[in-house]
Amino acid sequence: MSDNLDALITKQLKSEVFQVLVVDDDDFNHLIISELLKKWNINPEFALSGEQALEMVHQNPGKFDLVLMDVYLPQMSGLETTQKLRTKCDLKVPIIALTADSMKDTRENILKVGMNDVMIKPLKPESFHQKMRHYLQQRLEDKNA
Amino acid sequence: MPENKSLIESLAELSKNDPSFRREMDVLFIETLQEFMVAFRQGMQQANLDTLSFAIHKIKFAVQVYGIQNLYNEAEKGRQLIKQNQSSPPIIQQVISQVGQLCQQQINQLKQKLGKA
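Residues numbered from 1 in each chain as written. Chains lettered and ligands numbered in written order. Predicted model: local features only at pLDDT ≥ 70, side-chain atom pairs only at ≥ 80, totals over all residues.

Draft legend 1. A look at the sheet that holds strand β4 (residues 95–99) of chain A. All names here are of chain A. Read across the open sheet, the five strands follow the order β2-β1-β3-β4-β5; overall the sheet is parallel. Strands at the two margins of the open sheet, each flanked by one partner only, are β2 (45–47) and β5 (117–120). Sheet twist, expressed as the mean angle between neighbouring strand axes with direction ignored, is 25°. Of the strand pairs in this sheet, strand β3 (residues 66–70) and β4 are connected by four bridges, and their pairing is parallel. Across the sheet, L68 pairs through a bridge with I96, a residue of β4. Contacts between helix α4 (residues 78–87) and the sheet are confined to β1 (20–23), β3 and β4, with β3 contributing the most and set at about 150° to the helix. (Pairing = 2+ DSSP bridges. Helix = DSSP H or I, 4+ residues; strand = E, 2+ residues; numbered from the N terminus. Axes fitted to C-alpha atoms, helices over the stretch in contact; angles between N-to-C directions. Contact = placed C-beta atoms within 7 Å.)

And the structure:
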């Protein structure tokens, strides 16, 4: 992709309003993810547990454009939460796993329950932004279709 | 953004070297370490693998951001001892003390830095 086209797409995406739900129980992670999302002018909403995420999506169907999901959550795991978001809440938007576990089995399980992609912690800003751009662009196309 | 930059450098660049961001990150990391020390001690003393696994997993990201992988490695060694049932009370106490020292060292450094800021 040429630098000009790249910059144009980034500019276009930045001018859109995207709602991102981050499901993570850790304040430190909230801070880092918020900082990373500033590049896209996104001010995310946080759910501290799977149960809270389900409640937020249930209360506001259609609100969120993308979900970033920690896999290792207390009580209801990120995998179980995703399954419920897909089946009970009929959530269709991309769900991206955030995990510090790079094992192949973990990745397979993540994709099996209906998540679209995996980002391995520690998040590298450049790969985080590449993935975000991919999914935000896809989301924009879906919205405009 | 070059690939070889550490996450902490990249974050500093993203935040345009905003001192309040770095300060907030340091404060949260101190809290993370303090909570971890309590959970790790409890998990080791009670030989509770779930508590240990959860506590160690939770600090993995933050210690990588701060580049103190040895803390994670030492804590993981403790978890392995419990998992393999190879621990005795003196060994457990030694591991708790070693991990606690590493945490406290980091906490002291950060507090000193925050105090000067």
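Draft legend 2. Looking closely at the packing of helix α3 (residues 50–59) of chain A against α4(A). Residues and elements named next belong to chain A. The geometry of α3 relative to α4 is characterised by a closest axis approach of 9 Å and an angle of 20° between their N-to-C directions. In this view, α3 runs roughly parallel relative to α4, as classed from their interaxial angle. In the crossing of α3 with α4, the sense of the turn from one axis to the other is right-handed. Contacts between α3 and α4 involve G50, A53, L54 and V57 from the former and G78, E80, T81, K84 and L85 from the latter. (Parallel < 35°, antiparallel > 145°, perpendicular 65-115°, else oblique. Left-handed = near helix turned anticlockwise from the far one by under 90°.)

Draft legend 3. Broad picture of the interface of chain B and chain A. Every contact between the two is made by 20 residues of chain B and, on the other side, 16 residues of chain A. Secondary-structure elements contributing two or more residues to the side of chain B that touches chain A are α1 (7–14), α2 (19–45) and α3 (49–65) of chain B. Ranked by the residues each element gives to the side of chain B that touches chain A, the list is headed by α3(B), at seven residues. Residues that form the side of chain B that touches chain A fall into these classes: 11 nonpolar, five polar and four charged. (Nonpolar A, V, L, I, M, F, W, Y, C, P; charged D, E, K, R; others polar.)

Draft legend 4. Molecular detail of unusual backbone geometry. All names here are of chain A. With phi around 55°, N41 is a residue other than glycine that occupies positive phi space. Structurally, the position occupied by N41 is in the loop between α2 (27–37) and β2. By the C-beta count within 10 Å, which is 12 here, N41 ends up exposed. (Buried ≥ 20, exposed ≤ 12 C-beta atoms within 10 Å, placed from the backbone.)

Draft legend 5. Representation of the nonpolar core. Counting 63 residues, the largest nonpolar core has V20(A), L21(A), V23(A), V67(A), M69(A), F40(B) and A62(B) as the members making the most contacts within it. For this core, the leading source of residues is α3(B), giving eight residues. (Core = buried A, V, L, I, M, F, W, Y, C linked by C-beta atoms within 7 Å.)

Draft legend 6. View of the packing of α2(B) against α3(B). Residues and elements named next belong to chain B. Packing of α2 against α3 brings their axes to within 9 Å, and their N-to-C directions diverge by 155°. By the angle class used here, α2 and α3 are roughly antiparallel. In this structure, the crossing between α2 and α3 has a hand that is left-handed. Where α2 abuts α3, its residues F29, T32, F36, A39, F40, Q42, G43 and M44 lie against T51, L52, A55, K58, I59 and A62.

Draft legend 7. Structural detail: the environment of Q46(B). Mapped onto the fold, Q46(B) is located in the loop between α2 and α3. The exposure class assigned to Q46(B) is exposed, which follows from the 11 C-beta atoms found within 10 Å.

Draft legend 8. Fine view of helix α4 (residues 69–83) of chain B. Residue and element names in this part refer to chain B. Here α4 is 15 residues long and its end C-alpha atoms lie 21 Å apart, about the 21 Å a rise of 1.5 Å per residue gives. Within α4, burial applies to L71, Y72, A75, G78, R79 and I82. All buried residues of α4 lie within an arc of 120° about the axis, which places them on one face of the element. Those residues of α4 that are exposed and angled more than 90 degrees off the buried face are Q69, N70, N73, K77 and Q80. Of the residues one or two after α4, N85 is the one with positive phi, at around 55°. (Expected span 1.5 Å × (residues − 1). Arc of directions from axis to C-beta.)

Draft legend 9. Structural view of the pairing of β1(A). All names here are of chain A. Because side chains alternate across β1, one face comprises the buried residues V20 and V22, and the other comprises L21 and V23, equally buried. Inspection of the sheet shows β1 paired to β2 by three bridges, in the parallel sense. When the bridges of β2 are listed, L21 appears paired with E45. Considered for its hand, the β-α-β crossover made up of β1, α2 and β2 is right-handed. (Right-handed = clockwise from strand over helix to strand, strands pointing away.)

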